[in-house]
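Chain by chain, the residues run as shown.
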Amino acid sequence: MRVLVAPDCFGGTLTAGEAAAAIARGWRDTAPDDDLLLRPLADGGPGFVDVLHAALGGELHVVEVTGPLGAPVTARWLEHDGTAYIESAEACGLHLVPADQRAEWCERATTRGVGELVLAASGAHTIVVGLGGSGTTDGGEGLLSVVDAVTAELVAASDVENPLLGPHGAAATFGPQKGASPEAVARLEARLEGMDRLRPVRDLPGAGAAGGLGAALLALGATVTSGAGLVRELTGLDDALAVADLAITGEGSFDWQSLRGKLVTVVASGAASRGIPCLVLAGQVSVGQREAGSAGITGSYAVADHVGSVEAAMADPAGTLAQLAVRVAGQWSR
């Protein structure tokens, strides 16, 4: 049996490559004769640069930029065939904000370092900025403080379709994940609403991505594309699906946001178009079977359910994911 293993990263616990390796290890314990093709993926968030570098080659540039808390951090961008690929999370990612400091910094964390990455890549004819996994909700104010205009073609590779404001906007939807209390969310919303430069673009899909960084890129003239769709194209995912009998994808939390343009739905739609089943292995699952089925997902499995609790899953992310893959392989390998 030919099995394509194409997960996203699992939150802050496993990279996409680590997740793919764990799934493959467990699967081989049950079905050692199956032919596994590992294709770690990303949708614009964490892992974007690594996934594209593995698929395309090119030159990685390492630079020091301003991190979300103002201190310097090391970040990379990828140059390939005249295009620069930037992962915003490398400069302003949530993983760069210690958990015990997120409430303190949720209203002050900056995207200035993303702007510095754009400046570093300004010699490219196209600059693609992957959005997702940010620890910021500054509406791209930090980026705009160092980038006033971009002469290259600018592309925002977004993992979400949220607008800037409102109940599905940057502050309300993602602020709590970054440490914002209800009171802080209200202040962030008011701050974003008052950013005059973002008014023409704030209702556009993707404007709320990465805490409003999407809106700042749109204000600079960027076009928005699906991060997962871009990775699908550049990594040859369709070619891999064409020779597979089964597709497996996954992420840390398979929830309602997953169905709004994230990677698992891109893999599932590609599998469905070829008439092959697609399974999701995730840390946690909160999407119902009917909703998942409408997105082309044949079955979904939660590590937390398999091992009894979220705490047990987090204690050994790779090991418990491999354990789940052992069980799933027993049901699906033939």
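To start, this report covers the structure provided alongside it. Being a predicted model, the structure only gives us computed values, none of them experimental. For every chain, the first residue of the written sequence is number 1, and numbering continues from 1 along that sequence. Totals for whole chains, interfaces and linings use every residue, but because this is a predicted model, local features are given only for residues with pLDDT of at least 70 and side-chain atom pairs only at 80 or more, for both listing and counting. By convention in this description, side-chain values take in all heavy atoms of the structure and omit both hydrogens and water.

Side note on empty space enclosed by the protein
Step number 1: Both cavities and pockets are sets of points on a 1 Å grid over the protein atoms alone; in a cavity a 1.4 Å probe fits but cannot get out, in a pocket the set is open with protein on both sides within 12 Å along at least five of seven lines, and lining residues sit with an atom within 4 Å of a point. Grid points are joined across faces, edges and corners, and a volume is the space filled by probe spheres set on the points. One pass over the full model with this rule turns up one cavity of 30 Å³ or more.
Step number 2: Considering only enclosed or pocket space, the largest cavity measures out at about 30 Å³ in volume.
Step number 3: Along its surface, the largest cavity is lined by Val160, Asn162, Phe174, Trp256, Gln257 and Arg260.

Side note on the packing of helix 10 (residues 227–234) against helix 12 (residues 263–273)
Step number 1: The convention used is that axes are lines fitted to C-alpha atoms, helices contributing only their stretch in contact, and that angles between N-to-C directions extend from 0 to 180 degrees. Counting from the N terminus, the helices are DSSP H or I runs at least four residues long and the strands are E runs at least two residues long. Across the interface, helix 10 lies against helix 12 with an axial gap of 8 Å and an inter-helix angle of 50 degrees. Regarding the angle of helix 10 to helix 12, the classification is oblique. The handedness of the crossing between helix 10 and helix 12 is right-handed. The segment helix 10 lies against helix 12, with Ala228, Gly229 and Arg232 engaging Leu263, Val266, Ser269 and Gly270.
Step number 2: For this classification, Asp, Glu, Lys and Arg are treated as charged, while Ala, Val, Leu, Ile, Met, Phe, Trp, Tyr, Cys and Pro are nonpolar and the rest, including Gly, are polar. Split by residue class, the contact of helix 10 with helix 12 holds three nonpolar, three polar and one charged. Relative orientations are named as follows: roughly parallel for angles under 35 degrees, roughly antiparallel for angles over 145 degrees, roughly perpendicular for angles from 65 to 115 degrees, and oblique for any other angle. Here a crossing is called left-handed whenever its near helix is offset anticlockwise from the far helix by less than a right angle, and right-handed whenever the offset is clockwise. Here a residue-residue contact requires only that any non-hydrogen atoms of the pair lie within 4.5 Å.

Concerning the sheet that holds strand 1 (residues 2–5)
Step number 1: The sheet built from five strands is open, its strands ordered 2-1-9-10-11 with parallel pairing. The open sheet has two edge strands with one neighbour each: strand 2 (35–38) and strand 11 (299–302). Taken pair by pair, the neighbouring strands of this sheet meet at an average axis angle of 25 degrees, ignoring direction.
Step number 2: One requirement defines pairing of two strands: DSSP has to find at least two bridges between them. The sheet contact formed by strand 1 and strand 9 (residues 246–254) spans three bridges and is parallel. Residue pairing for strand 9: Leu4 is matched across the bridge by Ala247.
Step number 3: Strands strand 1, strand 2, strand 9 and strand 10 (278–285) of the sheet are contacted by helix 1 (residues 16–30), whose axis makes an angle of about 175 degrees with strand 2.

Describing the pairing of strand 9
Step number 1: A 1.4 Å probe rolled over the protein chains alone gives each residue an accessible area, and that area as a share of the maximum for its type sets the label: buried under 20%, exposed over 50%, partly exposed in between. Burial of strand 9 is extensive: seven of the nine residues sit out of reach of the surface.
Step number 2: Judged from the seven bridges that link them, strand 9 and strand 10 form a sheet pairing that is parallel. From the neighbouring strand, Ala247 faces strand 10, where its bridge partner is Cys278.
Step number 3: Read from strand 9 through helix 12 to strand 10, the crossover connection turns out right-handed. Crossover handedness is defined by viewing with both strands directed away from the observer: a clockwise path from the first strand over the helix to the second marks the crossover as right-handed.

With respect to the packing of aromatic side chains
Step number 1: Pairing of aromatic rings covers Phe, Tyr and Trp, the last counted by its six-membered ring, and requires centre-to-centre distances within 6.5 Å; plane angles under 30 degrees mean stacked, over 60 mean edge-to-face, and any other angle means tilted. Throughout the structure, instances matching the rule amount to one aromatic pair.
Step number 2: When the ring of Phe48 is compared with that of Tyr85, the centres are 6.5 Å apart and the planes differ by 70 degrees; the resulting orientation is edge-to-face. Of the two residues, Phe48 sits in helix 2 (residues 48–56) while Tyr85 sits in strand 5 (residues 83–87), which places them 37 residues apart along the sequence. Comparing Phe48 with Tyr85, the two get one shared label, buried.
Step number 3: Any Lys NZ or Arg CZ found within 6 Å of a ring centre and within 35 degrees of that ring's normal is scored as a charge over the ring. Note that Arg108 overlies the ring of Trp105, its terminal NZ or CZ placed 4.1 Å from the centroid.

Focus on the packing of helix 1 against helix 16 (residues 317–332)
Step number 1: As a packed pair, helix 1 and helix 16 sit with axes 7 Å apart at the nearest point and diverge in direction by 45 degrees. Considering the angle they form, helix 1 stands oblique to helix 16. The element helix 1 and its partner helix 16 pack so that their crossing is right-handed. Where helix 1 abuts helix 16, its residues Ala19, Ala22, Ile23, Arg25, Gly26, Trp27, Asp29 and Thr30 lie against Ala318, Gly319, Leu321, Ala322, Ala325, Val326, Val328, Ala329, Gly330 and Trp332.
Step number 2: Of the residues contributing to the contact of helix 1 with helix 16, the split by class is twelve nonpolar, four polar and two charged.

Describing the nonpolar core
In summary, soluble globular proteins display a tendency toward joint burial of nonpolar side chains.
Step number 1: To define a nonpolar core, start from buried Ala, Val, Leu, Ile, Met, Phe, Trp, Tyr and Cys residues and group those joined through side-chain atoms within 4.5 Å. Counting residues in each nonpolar core, the largest one holds 48 residues, and the members touching the most others are Ile127, Val129 and Leu143.
Step number 2: If one sorts the elements of this core by residue count, helix 9 (residues 209–219) sits on top with seven residues.
Step number 3: Counting residues in each nonpolar core, the second largest holds 35 residues, with Val49, Tyr85, Val264 and Ala292 among its members.

Thoughts on the pattern of salt bridges
Step number 1: Salt bridge, as used here: a side-chain nitrogen of Lys or Arg that lies within 4 Å of a carboxyl oxygen of Asp or Glu. Evaluation of the coordinates by the stated rule reveals eleven salt bridges.
Step number 2: The salt bridge partner of Glu90 is Arg76, with a shortest N-O separation of 2.5 Å. Here Arg76 lies in strand 4 (residues 72–80) and Glu90 lies in helix 3 (residues 89–92), a separation of 14 residues in the sequence. Across the pair, Arg76 and Glu90 agree in class, each one buried.

Some details on the sheet that holds strand 4
The strands that make up a sheet are held in pairs by hydrogen bonds between backbone atoms, and each pair lies either parallel or antiparallel.
Step number 1: The six strands lie next to each other as 3-4-5-6-7-8, forming an open sheet whose pairing is mixed. Looking at the sheet topology across the chains shown, the edges are occupied by strand 3 (59–66) and strand 8 (223–226). The average angle at which neighbouring strand axes cross in this sheet is 30 degrees, direction not considered.
Step number 2: The pairing of strand 3 with strand 4 spans eight bridges and is classified as antiparallel. Each bridged residue has a counterpart across the sheet, and for Glu64 the counterpart in strand 4 is Thr74.
Step number 3: Taken strand by strand, helix 2 contacts strand 3, strand 4, strand 5, strand 6 (126–130) and strand 7 (153–158), and its axis lies near 145 degrees from that of strand 5.

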